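Listed here are the chains, written in short residue letters.
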Amino acid sequence: MIPAVAQQIWCVAALLGTTALAIASSRSRRSTALVYGATFAISLVALAGALFSLIARTGATELTLPIGLPWLGSHFRLDALAAFFLVVVNLGAATASLYGLGYGSHESTPQRILPFFPAFLAGMNLVVLADDAFTYLLCWEFMSLASWALVMAHHREADNTRAGYVYLVMASFGTLALLLAFGLLSGAGGSYSFAAIRSAEHTPSEAALVLALMLLGAGSKAGLVPLHVWLPLAHPAAPSHVSALMSGVMTKVAIYGFIRVVFDLLGPPSWSASVVVLILGGATAVIGILYALMENDLKRLLAYSTIENIGVIFTSLGLALAFQANGLGLAAALAFTAALFHVLNHSFFKSLLFFGAGAVLTSTGERDMEKLGGLIHRMPLTSFVFLVGCVAISALPPFNGFVSEWLMFQAVLLSPDLPQWGLKIMVPAIGALLALAAALAAACFVKAFGITFLGRARSPAAEAAGEVDRYSLAAMFALAALCFLAGILPGLVIDALSPVAEAMIGHRMPVQANDPWLSIVPIEESRSSYNGLLVFVFITAAASLAVYFIHRFASRAIRRGPAWGCGFSDPTPAAQYSGASFVQPIRRVFGTLVFQAREHVDMPAPGDLRPARFKVDIHDLVWERLYTPLTEAVWFLADRLNQLQFLTIRRYLSLVFATLVTLLLVLAIWS
Amino acid sequence: MVVISDIFVQLGQMALVLLLAPLLTGVVRKIKARLLRRRGPSIFQPYRDLLRLLRKEVVLAENASWLFRVTPYVTFAAIWVAAALVPTFASGLEFSWSADLIAIVALLGSARFFLALAGMDVGTSFGGIGSSREVMIAALAEPAMLLMVFCVALIAGSTQLSTVATFMASSEVGLRVSLGMAMIALIMVALAENARIPVDNPATHLELTMVHEAMILEYSGRHLAMIEFGAFLKLLLYISLIICVFFPWQITTEGAGPLSYLVSVAAYILKLAVASLLLAVFETATAKMRVFRVPEFLGAALMLGLLGTLLRFVSRGF
């Protein structure tokens, strides 16, 4: 019996082998089916292994490979936390591969995707398995570069090169922050392995610095505001199954890094750290979903909604930090479990929604929602699963999004136990932000589904759409089923997450499996409980009862007629409500502040025959206030330093001499 | 034995809300008419309206999808389940532990989600305008409602409505400023959610002012009946919620005799009558506000909820 971690490493090796296979078979017509079939099988094996070690609580297994830095080797370890995130990664990978079997056949240049896809999967697996700082950073960079290559797959499309460039810059910046964080963690002794870092003592100022660097490094990969700017550019640029992996899974790998360092390696947190995480998380949630609401490109809307969900997860992690810093283990376990539950949920429904967007893209060639509409008639199955995803992500019962949101609210309600006044008052306010983000998310996905799938077709392409292939549908239905199952049987998920909470927090939520009727009870029954299964049964029973009585006793007649247009029916589908007009009320309420949105009406004078025009100005303040000045400063400096390129050899020599003397002087004064 | 009586209480309550909901709307309409010195239709008119709608055929728009036909039943079911979980006359409901106050808010959210989608299904401007305004109102009303829930839950130490009602009915609560604020916030949210004046006018069909009615403009026959019935139920639900959290006097707690059930049903109906009188007077006395004044109204509710929650911390006595 080989240890669990070795099994996972074998799977990674198989994925890397698939990359080689993809390169070798790039001229074959079969290569698409071959590569995705192989990654599908390997991901399923890895998923089974990870799920087994999570549920059977096999304990941590370690492995050292003699590769990497000489005399150091690469350390790998599979514990409960890693096992959980491997489940997330490989589940996403398996469904994306299944989807790719169908979706990939429409690809015009498959050789630009096929070699990098298994490499990307291998990179994500390796980051989660890494057990020393060097291996971790190396794998992190490998994952980033593989995903960058996938973002650049369609490099001839207009915005994609820019997206790739911004992504590369932000990814390098993130890795730099991580590098510094691990440098601080390993200390002067240079102990790279996580075991040594874990046992070392860290001063409070060191811990604060590491937390800040992790927020920059992992936060930029996960998409925390204001480091999110690359995400809505890069995620939609990739092919849809890769978008799903980047949004649904790679952001989770970043969260894994944050949890690994902050909850595991850094030792007991201070309560002030949680304040920073809470504020960043709450702000990210609300700002992310507002951006999503303003967006009319379906895939970019989904990418912005990812930012919101990352904010929600970070908020919950912040709550866990706050409780843990004050020794409230049970409450911390509740908040931490809620965060992990949301990680799992988000990987389900975001992958599902990106697959749906990809199906729409294959079928119509459009991502712009203003050119879609009426697809519910032409793509009935896709629209059904997309609706499931929308309901789940809007945190509506009985689906899974609601359960994690509910657990978070239960954690928020434990705030009176916190001793610090600042936290006591802040936590309910952050809870209000979470509630606002959830309500706005519902509005956003009413828009996403309503404009894309309902109404009348807004373009000939949408008119001529058809249902997608069976592989894509199978992947989407599998994820929709998981959304539903996790929603009605949340107790099973919470119990499966308990070893992770035990390992990271030292406490766990009460065992849920013994509760009657599979309901979940986070603290005690008189306080709060929820039963997704019963809620689902009640809704189904009530609806069936209503349908039965009405069809038994009331009129069953139906007549089809034209829609009521008050005597003047809309002549063209363009006169329907559009995405931009749908969010106009919300834009007026929130947008004037967050986006400085202004509406201009150009009304010609009476007698003037030119058409009236309406224009909306929306500003992306993060770009304009933060990144534009930054890039300008870099340009300015680069311009100045440019002169250094054209000096004579004497000047270069004198510069070298001056630098040497200065360094020696510094050294002399220092010691 | 206890379980059986609990199930009877639960079923009785589910039937009671169904029976009373149209009557409540009828009474409110009647009082409003009398306040305007009209005679007004009979208080049983809503029942007749429902029966008439049920007998009529459905006229579906040509491009209406399956979602349009499913939505009336889904929204009705979600609202009915939510209403069945609010204690009206007895607190120990058999299934009250299956969903707490937060879940009830979310169930109402599900109903609204589907209704807003149905408004966009046919692809007319009316449906779009209704849905778009409805989600704007909801985006503000839902957080306000949840803050009210936080405030109440922090005081009662539970989000379970039966526990909250039992706690509030006990004498140790007393008058508290934060509860008062939470109550005002809940009333404001209830007005917005039920499309009442000053947020929306349930009696108008003037395009520019309507929100809820615009969304359901395409519905007819039995579908419209289900939606109307859902709206009646929702009004009853919110009033029951206000009653059970803030005025739970005479509510039957567990282990009481059969006689107390009779008393508490009578008390509940009396409370409903008082509430409908207050609602009618309020609606007659105020004017509807412009759509873009609604965010200010709901923002005030949000702030009241937050203030109530924070005041809870500042002093235990409040």
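From a predicted model like this one, the values you see are computed outputs, not experimental measurements.

Parameters at a glance
- Position numbers for residues start from 1 in each chain and track the written sequence from start to end.
- Labels follow written order: the first chain is A, the first ligand is 1, and so on.
- pLDDT decides what is reported in this predicted model: residues at 70 or higher carry local features, side-chain atom pairs at 80 or more are listed and counted, and totals for whole chains, interfaces and linings draw on all residues regardless.
- Counting from the N terminus, the helices are DSSP H or I runs at least four residues long and the strands are E runs at least two residues long.
- For a compact globule the rule gives 2.2 Å times the number of residues to the power 0.38, and the radius of gyration it is set against comes from C-alpha atoms.
- Residues with at least 20 other C-beta atoms within 10 Å of their own are called buried, those with 12 or fewer are called exposed, and the rest are partly exposed. The C-beta atoms themselves are positioned from the backbone.
- We call two residues in contact when the distance between their C-beta atoms, placed using the backbone, is within 7 Å.
- Note on residue classes: Ala, Val, Leu, Ile, Met, Phe, Trp, Tyr, Cys and Pro are nonpolar, Asp, Glu, Lys and Arg are charged, and everything else, Gly too, is polar.
- In short, DSSP must find at least two bridges between two strands for them to pair.
- Every helix has an expected span of 1.5 Å times one less than the residues it contains.
- Here, axes are lines fitted to C-alpha atoms. For helices the fit covers the stretch in contact, and angles between N-to-C directions go from 0 to 180 degrees.
- Any angle that is under 35 degrees is reported as roughly parallel, and any over 145 degrees as roughly antiparallel; angles of 65 to 115 degrees are reported as roughly perpendicular and all others as oblique.
- For every residue, the predictor states its confidence as a pLDDT score lying anywhere from 0 to 100.

Novice: Hey, could you run me through the overall build of chain A in this one?
Specialist: When helices and strands are tallied, chain A shows 25 helices and five strands. Its C-alpha radius of gyration of 26 Å places chain A within 12% of the 26 Å reference for a compact globule of 671 residues. With respect to the three principal axes, the spread of C-alpha positions in chain A is 95 × 70 × 60 Å. Among the 671 residues that make up chain A, the fraction classed as buried is 55%. When contacts within chain A are restricted to residue pairs at least 6 apart in sequence, those whose partners lie at least 24 apart make up 79%.

Novice: What am I meant to see in the overall build of chain B here?
Specialist: Along its length, chain B carries eleven helices and one strand. At 19 Å, chain B has a C-alpha radius of gyration in line with the 20 Å of a compact globule built from 318 residues. Overall size of chain B, expressed as C-alpha extent along the three principal axes, is 60 × 45 × 45 Å. Within chain B, buried positions represent 60% of all 318 residues. In chain B, the proportion of contacts linking residues at least 24 apart, taken out of those at least 6 apart, comes to 80%.

Novice: How should the interface of chain B and chain A be read in this particular structure?
Specialist: Often, the extent of an interface is quoted as the loss of accessible area upon association of its parts. Across the boundary between the two partners, chain B contributes 71 residues, which contact 72 residues of chain A. When residues of the side of chain B that touches chain A are traced back to their parent elements, those giving at least two are helix H2 (45–55), strand E1 (58–61), helix H3 (66–84), helix H4 (101–121), helix H5 (125–156), helix H9 (221–246) and helix H11 (294–314) of chain B. A total of 17 residues in the side of chain B that touches chain A trace back to one element, the largest contributor, which is H5 of chain B. Here the side of chain B that touches chain A is composed, by residue class, of 43 nonpolar, 18 polar and ten charged. Taken together, the four bridges between strand E3 (residues 558–561) of chain A and E1 of chain B define a ladder with parallel strand orientation. Bridge pairing links arginine 559 of chain A to valine 59 of chain B in E1 of chain B.

Novice: Explain helix H4 (residues 116–129) of chain A here, please?
Specialist: Residues spaced three or four apart along an α-helix face the same direction, because each turn holds 3.6 residues. Taking 1.5 Å as the rise per residue, H4 of chain A with 14 residues should run 20 Å; its terminal C-alpha atoms sit 20 Å apart, in good agreement. The element H4 of chain A is extensively covered by neighbouring structure, given that 14 of its 14 residues are classed as buried.

Novice: What is the right way to read unusual backbone geometry from this model?
Specialist: Most of the time, phi is negative for any residue but glycine, and the peptide bond is trans. Cis geometry is adopted by the peptide bond preceding proline 226 of chain A, which originates at valine 225 of chain A and carries an omega value of 5 degrees. Relative to the assigned elements, proline 226 of chain A resides in the loop between helix H8 (204–222) and helix H9 (231–237). Here the residue pair isoleucine 197 of chain B and proline 198 of chain B is connected by a cis peptide bond, since its omega of 10 degrees sits within 30 degrees of zero. Phi is positive for glutamine 596 of chain A, which is not a glycine, with a value near 50 degrees. Mapping glutamine 596 of chain A onto the fold places it in the loop between helix H23 (584–594) and strand E4 (598–602). Under the C-beta neighbour-count criterion, glutamine 596 of chain A is labelled partly exposed, with 13 such atoms within 10 Å. Although it is not a glycine, alanine 195 of chain B adopts a positive phi angle of roughly 55 degrees. Within the secondary structure, alanine 195 of chain B sits in the loop between helix H7 (177–193) and helix H8 (212–215).

Novice: Sorry, what's going on with the environment of valine 164 of chain B here?
Specialist: Residues and elements named next belong to chain B. Mapped onto the elements, valine 164 comes out in helix H6 (residues 161–169). Spatially, the C-alpha atom of valine 164 lies 22 Å from that of valine 314, the residues being 150 residues apart in sequence. Residue contacts for valine 164: discarding those within four places in its chain leaves Val152, Ala156, Ser158 and Val245.

Novice: Teacher, can you tell me more about the packing of helix H3 (residues 80–103) of chain A against helix H10 (residues 240–265) of chain A here?
Specialist: Helix-helix packing is described using two parameters, namely the angle between the two axes and the distance between the axes. Residues and elements named next belong to chain A. As a packed pair, H3 and H10 sit with axes 9 Å apart at the nearest point and diverge in direction by 175 degrees. Considering the angle they form, H3 stands roughly antiparallel to H10. Contact residues: H3 offers Leu81, Phe85, Val88, Val89, Gly92, Ala93, Ala96, Tyr99, Gly100 and Tyr103, while H10 offers Ser240, His241, Ala244, Leu245, Gly248, Val249, Lys252, Val253, Tyr256, Ile259, Arg260 and Asp264. A class-by-class count of the residues in the contact of H3 with H10 yields 14 nonpolar, five polar and three charged.

Novice: Got a minute to help me understand helix H1 (residues 4–24) of chain A in this structure?
Specialist: Residue and element names in this part refer to chain A. With 21 residues, H1 ought to run about 30 Å at 1.5 Å a step, and its terminal C-alpha atoms sit 30 Å apart, in line with that. Considered for burial, the residues of H1 that qualify are Ala4, Val5, Gln7, Gln8, Ile9, Cys11, Val12, Leu15, Thr18, Thr19 and Ala22. Those residues of H1 hidden inside the fold are in contact with helix H2 (31–55), strand E1 (61–65), strand E2 (74–78), H3 and H4.

Novice: How should I be thinking about the confidence of the model for chain B in this particular structure?
Specialist: The predicted coordinates ought not to be read in detail in places where the model reports low pLDDT. All names here are of chain B. Per-residue confidence for chain B gives a mean pLDDT of 88; residues scoring 70 or more make up 94%. Across chain B, the element-wise mean pLDDT spans from 85 in H6 up to 95 in H3. Predicted complex metrics record ipTM = 0.95 and pTM = 0.95.

Novice: Honestly, the packing of H1 of chain A against H2 of chain A in this entry has me stumped. Any pointers?
Specialist: Residues and elements named next belong to chain A. Running from N to C, H1 and H2 point in directions that differ by 170 degrees, and their axes come no closer than 10 Å. Judged by the inter-axis angle, H1 sits roughly antiparallel to H2. Every residue of H2 that contacts H1 at Ala4, Gln7, Gln8, Cys11, Ala14, Leu15, Thr18, Leu21 and Ala22 is listed here: Ser31, Leu34, Val35, Ala38, Thr39, Ile42, Val45, Ala46, Gly49 and Ser53. The residue inventory of the contact of H1 with H2, partitioned by class, reads twelve nonpolar, seven polar and no charged.

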